[in-house]
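# Per-entry structural report
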Amino acid sequence: MASRPFRSLFGTLAALALTAALPAAAQQPGVGYDPQARGFRSTSYQLDTLTSPYLHHASDFTARPDLVGKSPNPYHLELGDPAVRGAFESRYGAFTAGSRFKRWIGPGNEVKFLVREALQWYFTTYPERLGGDTRGHNGEPTEVEITDVQAFGDREIWERYFTEVLPGFSPERRVTICDPSKPAGDGQETDPFWGLQYYFHNRAQAPLAVSPPLPPGLACQGQ
């Protein structure tokens, strides 16, 4: 018969082996972004044309298009599924899931990748500012989280990411350009798409007074 110390050691090793064989606890999808906790209540969007008045919708935060339907998927919302479509419009507003032209008050779908990047950056840099409990999340923003930023127009999310990370959106991260139509040296202007200040250093020099004038592309050659 095995001695008591041996039996104890065997039991400990068996328990450790069983623990190692168990799968790691599954992480929740997303970054823990919670627009309601950040003070948002209503979405805003335009339908049909860019000149249409904004419509406003008091969001039903219990509606979760990522958790309903035949095949719930946090990274793909199947709007052809009536349950998903209904939850989407309860959360974001009438006709937001249909074929009619729609524009959110926040960034449009053509630049939603930047919203995704911003949420990922917040998750690692400012998790306490996302509103929800970020523990146990995988750090990959879900479609609902991204759409929330767009539909509620949570400007802080993308503006802070732009000014602290992206080139050109702060004096510390000026971009170098060559544009003879702008004054040489350091300058700034309002980005027409984002409405944020864009900072640059222009390498272009005043064109030489020769006839015929030199092509604009020669303004930065040799610099």
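Check the entry above for the structure.
Below you will find a few notes about this structure. The shown structure was predicted, so the numbers you read here are calculated from the model rather than taken from an experiment.

Of the regular secondary structure elements, the protein holds five helices and six strands. Taken from the N to the C terminus, the helices and strands of the protein come in the order α-β-β-α-β-α-α-α-β-β-β. The buried share among the 223 residues of the protein stands at 35%. Sequence separation of 24 or more characterises 64% of the internal contacts of the protein that already satisfy a separation of 6 or more. Within the structure as shown, the protein displays about 13200 Å² of accessible surface, and the carbon and sulfur contribution to it stands at 58%.

One open sheet holds the three strands; their spatial order is β4-β6-β5, and the pairing between them is mixed. Where the open sheet ends on each side, the last strands, each with one partner, are β4 (175–177) and β5 (185–190). The average undirected angle you get between the axes of adjacent strands in this sheet is 40 degrees. Bridging between β4 and strand β6 (residues 197–202) involves three bridges; their strand directions are parallel. The residue bridging Thr176 from the neighbouring strand is His201, located in β6.

A few words now on the sheet that holds strand β2 (residues 55–58). Reading across the sheet, the three strands line up as β2-β1-β3 and stay open at both edges, with antiparallel pairing between neighbours. Whereas interior strands pair on both sides, the edge strands pair on one side only; in this sheet they are β2 and β3 (102–104). Between one strand axis and the next, the sheet turns by 35 degrees as a mean value, whatever way the strands run. Here strand β1 (residues 42–47) pairs with β3 via three bridges, running antiparallel. Along β3, the bridge assignment pairs Gln46 with Arg103. Sheet strands in contact with helix α2 (residues 82–92) are β1, β2 and β3, and its direction is about 105 degrees off that of β2. The strands touched by helix α4 (residues 143–152) within the sheet are β1 and β3, with β1 carrying the most contacts at an inclination of about 75 degrees.

Of all the residues in α2, the buried ones are Val84, Ala87, Phe88, Arg91 and Tyr92. Across the axial projection of α2, the buried residues extend over an arc of 110 degrees, all falling on one side. The elements touched by buried residues of α2 are β1, β2, β3 and α4. Two to three positions downstream of the cap, the backbone nitrogen of Ala83 sits 2.9 Å from a side-chain oxygen, assigning the N-cap of α2 to Asp81. Gly93 lies just past α2 and shows a positive phi near 130 degrees.

The residue Asp81 is located in the loop between β2 and α2 in this model. At a separation of 2.9 Å, a polar atom in the side chain of Asp81 contacts the main-chain amide nitrogen of Ala83. With residues near it in sequence (within four places) discarded, Asp81 still touches Gly69 and Lys70.

Below, the discussion takes up the pattern of salt bridges. Using the criterion set out here, one finds 15 salt bridges in the structure. As a salt-bridge pair, Asp154 and Arg38 come within 2.7 Å of each other at their nearest N and O atoms. Within this pair, whereas Asp154 is found in the loop between α4 and α5 (155–164), its partner Arg38 is found in the loop between α1 (4–21) and β1, the two being separated by 116 residues in sequence. Take Arg38: its relative accessible area is 21%, and that puts it in the partly exposed class.

For the rest of this paragraph, the subject is the nonpolar core. For soluble globular proteins, the rule of thumb is that nonpolar side chains tend to be buried together. Counting 20 residues, the largest nonpolar core has Tyr33, Leu119, Leu130, Val149, Ile157, Phe162 and Trp194 as the members making the most contacts within it. Elements represented by at least two residues in this core include exactly α3 (112–125), α4 and α5. Residues within four places of Leu130 in sequence aside, it is in contact with Val31, Gly32, Tyr33, Asp34, Arg38, Leu119, Tyr122, Phe123 and Ile157. Counting residues in each nonpolar core, the second largest holds ten residues, with Tyr45, Tyr92, Ala97 and Trp104 among its members.

Parameters and conventions
Residues numbered from 1 in each chain as written. Predicted model: local features only at pLDDT ≥ 70, side-chain atom pairs only at ≥ 80, totals over all residues. Heavy atoms only, no water. Helix = DSSP H or I, 4+ residues; strand = E, 2+ residues; numbered from the N terminus. Buried < 20%, exposed > 50% of the residue type's maximum accessible area, 1.4 Å probe, protein only. Contact = heavy atoms within 4.5 Å. Areas by Shrake-Rupley, 256 points an atom, 1.4 Å probe, with all protein chains shown as cover. Pairing = 2+ DSSP bridges. Axes fitted to C-alpha atoms, helices over the stretch in contact; angles between N-to-C directions. Arc of directions from axis to C-beta. Polar contact = N/O pair within 3.5 Å; in protein donor to acceptor, adjacent residues only side chain to side chain. Salt bridge = Lys/Arg side-chain N within 4 Å of Asp/Glu carboxyl O. Core = buried A, V, L, I, M, F, W, Y, C linked by side-chain atoms within 4.5 Å.

Scope: geometric values only; no functional claims are made or implied.
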